Amino acid sequence: MSPRPNERRPRPSITRSPSPSPRLNERRPRPTARRRAARTGQYLALLGYLVFLAFPLLWLVSTAFKPPRELASLHPGWIPDHPTLDNFRQAFEEQPLLRSAGNSLIASLAAAVITVVIATPMAYVMARHHRSVLSRAATGWIVVSQAFPFVLVIIPLFLVLKEVRLIDSLSGLIMVYVVWSLPFALWMLAGYARAVPRELEEAAAVDGAGRLRVLISVTMPLLTPGIVATALFAFITAWNEFFFALVLLKSPRKQTMPIILTHFIGTEGVADLGPLAAASLLATLPSLVLFALIQRRITSGTLAGAVKR
């Protein structure tokens, strides 16, 4: 029986096996080895940096506990063979360390508090109105003030403080520390203030909070890490400062810790190494303790979870 002319024969279905794709079969090399190598390199670099920073402090601690015979040795070791506390006793007997430490503490704390109180509202205004002429002028002042060395400003500064009778006083020294730390403190706090989302302030304003309420309840808690970091910077700057204190303070009873440390060096430039190391170690401890106490505040400067969704 012949097929009809209009009738089409069904074509046999040909099933083709899928050709293996070279991209699918090729296994991409996992970046695990590269990541491990990069992370190991980062850890090694960080370890080297920590060793570089810790070497002076460890050597200072070792020197502070060494007796005079080991200090005069041609081949000093890391660990004292016969550790002693005589260097600390001699340091307290030769110089008024407690009184100078109290002067440094008063000047540093006062400078840190005043700097933060002045810089916080100014930094907020700079962050929220960064395109204004005043904000640009303040930024220019920050850059220019950091370019001037101490030597160029000490003579006019001395004359100004002499006119207002603040020479040889902690009040005048505190004012100098505040003025010197304020530009960098403004720059630090302005960066933190720019990171605070405006949506939070707008949401609080929609809920009925006033401007002052928004600043106190919303903005200030988010600026806490920046405020703490700025206060720590101002404190350490004032605690370690030497040049202004040397020029402005003449009375022995008002001298700060860095000036007292120079008294362990004789007129011929020979240092009393043991007591000097002991006193330097005691002068280093407040900054280390303060940083250890508030490091969580510094490292917690994130706004995770703060924005409403």
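Scroll up for the structure.
The structure reproduced in this document is the subject of the present report. Just so you know, these numbers come straight off a predicted model, no measurement behind them.

## What to know about the packing of aromatic side chains
Next up, step 1: Overall, the coordinates contain nine aromatic pairs when judged by the stated rule.
Next up, step 2: Considering the side-chain rings of phenylalanine 65 and phenylalanine 88, the 5.2 Å spacing of their centres and the 50 degrees angle between planes classify their relative orientation as tilted. In this pair, phenylalanine 65 sits in the loop between α2 (32–64) and α3 (68–71) while phenylalanine 88 sits in helix α4 (residues 86–94), placing the two residues 23 residues apart along the sequence.
Next up, step 3: When the ring of phenylalanine 184 is compared with that of phenylalanine 233, the centres are 4.6 Å apart and the planes differ by 45 degrees; the resulting orientation is tilted. Highlighted residues: phenylalanine 184 in helix α8 (residues 170–194) and phenylalanine 233 in helix α11 (residues 224–240), separated in sequence by 49 residues.
Next up, step 4: Grouped by ring-pair contacts, the aromatic residues Phe55, Trp59 and Trp78 constitute a single cluster.

## So, the side chain of threonine 219
Next up, step 1: When you line up the elements, threonine 219 lands in helix α10 (residues 211–222).
Next up, step 2: Classification of threonine 219 by relative accessible area gives buried; the value is 2%.
Next up, step 3: For threonine 219, the residues in contact, after removing those within four places along its chain, are Tyr124, Glu201 and Val214.

## A few points about the environment of tryptophan 187
Next up, step 1: Note on placement: tryptophan 187 falls in helix α8.
Next up, step 2: By relative accessible area, tryptophan 187 is classed as exposed at 53%.
Next up, step 3: Separated by 60 residues in the primary sequence, tryptophan 187 and alanine 127 place their C-alpha atoms 9.7 Å from one another.

## Re unusual backbone geometry
Next up, step 1: Non-glycine residue arginine 165 carries a positive phi angle of around 60 degrees.
Next up, step 2: Checked against the element boundaries, arginine 165 lands in the loop between α7 (150–163) and α8.
Next up, step 3: Positioned with a positive phi, aspartate 168 is a non-glycine residue whose angle comes to about 60 degrees.
Next up, step 4: Position of aspartate 168 relative to the elements: it lies in the loop between α7 and α8.

The rules behind these values
Residues numbered from 1 in each chain as written. Predicted model: local features only at pLDDT ≥ 70, side-chain atom pairs only at ≥ 80, totals over all residues. Heavy atoms only, no water. Phe/Tyr/Trp six-rings, centres within 6.5 Å; stacked < 30°, edge-to-face > 60°. Helix = DSSP H or I, 4+ residues; strand = E, 2+ residues; numbered from the N terminus. Buried < 20%, exposed > 50% of the residue type's maximum accessible area, 1.4 Å probe, protein only. Contact = heavy atoms within 4.5 Å.

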